[in-house]
Structure formats: C-alpha cells, structure tokens
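Residues per chain are reported as follows:
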Amino acid sequence: PLNAIIGFAEILRDQMFGPLGSERYVDYSRHIHASGTHLLDLINDVLDLSKIEAGRFELDEARIELAPLLHDCFDMVQARARAGGVAMALELPPILPPLWADDRALKQVVLNLLSNGVKFTPPGGQVGLSVACDREGIDIVVRDSGIGIAADALARVMHPFGQADASISRRFGGTGLGLPISKHLVELHGGALVVESELGAGTIVTVHLPANRVLSPVRRLEVT
C-alpha cells in the first residue's frame, strides 16, 4: 500500500501526465509523498528492530571497501545538511583496509548517525565523519556541534523508543529507534557503539569494529 501511495504521489507531484491545476494540489502531493516516505522508513525500522530482538536478523557478510561506503553515506546526507544550514566535513585516511561486514547494515548505521547529527544540529553548526585505524580495529566517528544529550538521558536514548526528553520527538520527529538499531547492528559485527555527549555542546558517536573484521588486501580473516 505504501508503495502505491508514494508512487502515485510522485506522479502527481511531478505532474507527469499534465498540470494538476491549482498549485495547492502539487503542494498536497508533496506532503503525501514526504509523509508516505517517512512512514515507510519508520515501518522498516520497526521491522528491523523486531528481527534483531527475535534473533532473526542475519548479517549478509562480504568483503567491502569502507571508503566508498562512507563517501556514499556522506553524499546522501549533504543535501539535507545544506538545507538546514549545517556544514559537513569528511576526514578519511589516504588508505583504508577492506572489511568483512554486512554492507547494507553498516551503511544503515552510518546513515542513522549522520542523519541524527544533521537533525540535532542548528544552522551554523557542523557534522563531521572521520575514521581511525589501529591494531584494535577501526573506529568510525560521527561528531556534531548540536544540542547534545544530558548525562542522565544517555542510557535512555540507547533503548528502543527512548528520547532524550519528551519534547524531542515533537520538535524533531522520529521514534527513537535509530540509535538502538545501530547499536544492535554494530554488536552483531562483534563491535561496540559508544555515545559521548554534553548538553548544549554536541555529540560524538564512535562505531568500533574489531581487528578480526579488518582484511588484508588479499585474504579474508576468519571472524569468530
């Protein structure tokens, strides 16, 4: 049903078969399309969380190149950042080793974190994406200069449907599923997701993937 709603709203919005008449109809079709897309995202999040909590989410693991994945995620969020007056910065090492991971799951994690950073950063602020590599593995870091999270709310935002405060969902939208899903997906990879934040001073989220996820250029390391 949502595919039909979104698809036909797109046809109306783009006036594919001729003008609709009043500009209000075009505006309404934009709202229908945006609302349908938002609802589809929420449903997909709920389904993903349900599969994870039921132990039915299986990683589709393969050799992946991290740099192109991060560039794709960065590019996908940039338009939203520009519209909100938020600057974005990408800092990657010259060479990044390939990983043994689930491409879709890892992309979902990075997109969730970047989208949250943009959503909770006011105009004039900045969201950064960087990577650090060492013997312990790889850290993917998303930092923002946004509204931050109070210390007593940090644990709450890591639980499904949790919000930093009751007004967050009304002000910014969302259900509080992005961080819990991201945390579960990272943990399925044997990694850890760590959130550091200060109210009014921004947030730093680190995705740590262990060394056994890092591949040499020519062979796969066994993941245990």
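Residues numbered from 1 in each chain as written. Predicted model: local features only at pLDDT ≥ 70, side-chain atom pairs only at ≥ 80, totals over all residues. Heavy atoms only, no water.

### Some words on helix α1 (residues 2–13)
- Taking 1.5 Å of rise per residue, the 12 residues of α1 would be expected to cover 16 Å, and the 16 Å separating its terminal C-alpha atoms lies within 8% of that figure.
- Those residues of α1 that fall on the buried side of the exposure criterion are Leu2, Ile6 and Ala9. Along the axis of α1, the buried positions cluster into a sector of 70°, meaning they face one direction only. Of the exposed residues in α1, the ones pointing more than 90 degrees away from its buried face are Asn3 and Phe8.
- Where α1 ends, the next residue or the one after it, Gln15, has phi of about 50°, a positive value. (Helix = DSSP H or I, 4+ residues; strand = E, 2+ residues; numbered from the N terminus. Expected span 1.5 Å × (residues − 1). Buried < 20%, exposed > 50% of the residue type's maximum accessible area, 1.4 Å probe, protein only. Arc of directions from axis to C-beta.)

### Quick look at the packing of helix α3 (residues 66–83) against helix α4 (residues 103–119)
- In contact at an axis separation of 9 Å, α3 and α4 are set at 35° when each is read in the N-to-C sense. As α3 packs across α4, the resulting crossing turns out to be right-handed. Seen from α3, the contacting residues are Leu66, Leu69, Leu70, Asp72, Cys73, Phe74, Met76, Val77, Arg80 and Ala81; seen from α4, they are Asp103, Leu106, Lys107, Val110, Leu111, Leu114, Ser115 and Val118.
- Residues that form the contact of α3 with α4 fall into these classes: 13 nonpolar, one polar and four charged. (Axes fitted to C-alpha atoms, helices over the stretch in contact; angles between N-to-C directions. Left-handed = near helix turned anticlockwise from the far one by under 90°. Contact = heavy atoms within 4.5 Å. Nonpolar A, V, L, I, M, F, W, Y, C, P; charged D, E, K, R; others polar.)

### Describing the pattern of salt bridges
- A full pass over the atoms with the stated rule returns seven salt bridges.
- Put simply, Arg13 and Asp14 hold a salt bridge, and the shortest N to O gap is 3.0 Å.
- Since its relative accessible area comes to 25%, Arg13 is described here as partly exposed.
- Owing to a relative accessible area of 44%, Asp14 belongs among the partly exposed residues under this scheme.
- Residue Lys107 is joined to Asp72 by a salt bridge in which the shortest nitrogen-to-oxygen separation is 3.9 Å. You can see Lys107 sitting in helix α4 and its partner Asp72 sitting in helix α3, a full 35 residues away along the chain.
- Because the salt bridges share partners, they merge into one network encompassing Glu23, Asp27 and Arg30. (Salt bridge = Lys/Arg side-chain N within 4 Å of Asp/Glu carboxyl O.)

### Re the confidence of the model for the protein
- Considering every residue of the protein, the mean pLDDT works out to 85; 89% of them sit at 70 or more.
- The weakest mean pLDDT in the protein belongs to helix α6 (residues 168–172) at 47; the strongest belongs to strand β5 (residues 137–144) at 96.
- Segment residues 165–172: pLDDT under 50, and 10 contacts once partners within four positions in sequence are set aside and those in other chains are kept.
- Per-residue pLDDT stays below 50 along residues 218–224; that stretch engages in 11 contacts with residues further than four places along the chain or on separate chains. (pLDDT = per-residue confidence, 0-100.)

### What about the sheet that holds strand β4 (residues 126–134)?
- As summarised here, the arrangement of the five strands in space is β2-β4-β5-β7-β6, forming an open sheet in which the pairing is mixed. Looking along the sheet, the strands with just one partner apiece sit at the ends: β2 (87–91) and β6 (192–198). The mean angle between the axes of side-by-side strands here comes to 15°, regardless of whether they run parallel or antiparallel.
- Bridge count for β6 against strand β7 (residues 202–210) is seven bridges, and the pairing is antiparallel. Note that in β7 the partner of Val194 across the bridge is Thr206.
- Relative to β6, helix α7 (residues 178–188) is tilted by about 145°, and along the sheet it contacts β6 and β7. (Pairing = 2+ DSSP bridges.)

### Here's the deal with the side chain of Ser115
- Its place among the elements puts Ser115 in helix α4.
- Reaching out from Ser115, the side chain makes a polar contact with the side chain of Arg80 at a distance of 3.1 Å.
- Apart from the residues lying within four places of it in its own chain, the contact partners of Ser115 are Val77 and Arg80. (Polar contact = N/O pair within 3.5 Å; in protein donor to acceptor, adjacent residues only side chain to side chain.)

### Description of the nonpolar core
- Ranked by internal contacts, the top residues of the largest apolar core, which has 46 residues, are Leu66, Leu70, Leu99, Leu114, Ile140 and Leu193.
- When near neighbours in sequence (up to four residues on either side) are disregarded, Leu66 contacts Leu96, Pro97, Leu99, Leu106, Val131, Ile138 and Ile140. (Core = buried A, V, L, I, M, F, W, Y, C linked by side-chain atoms within 4.5 Å.)

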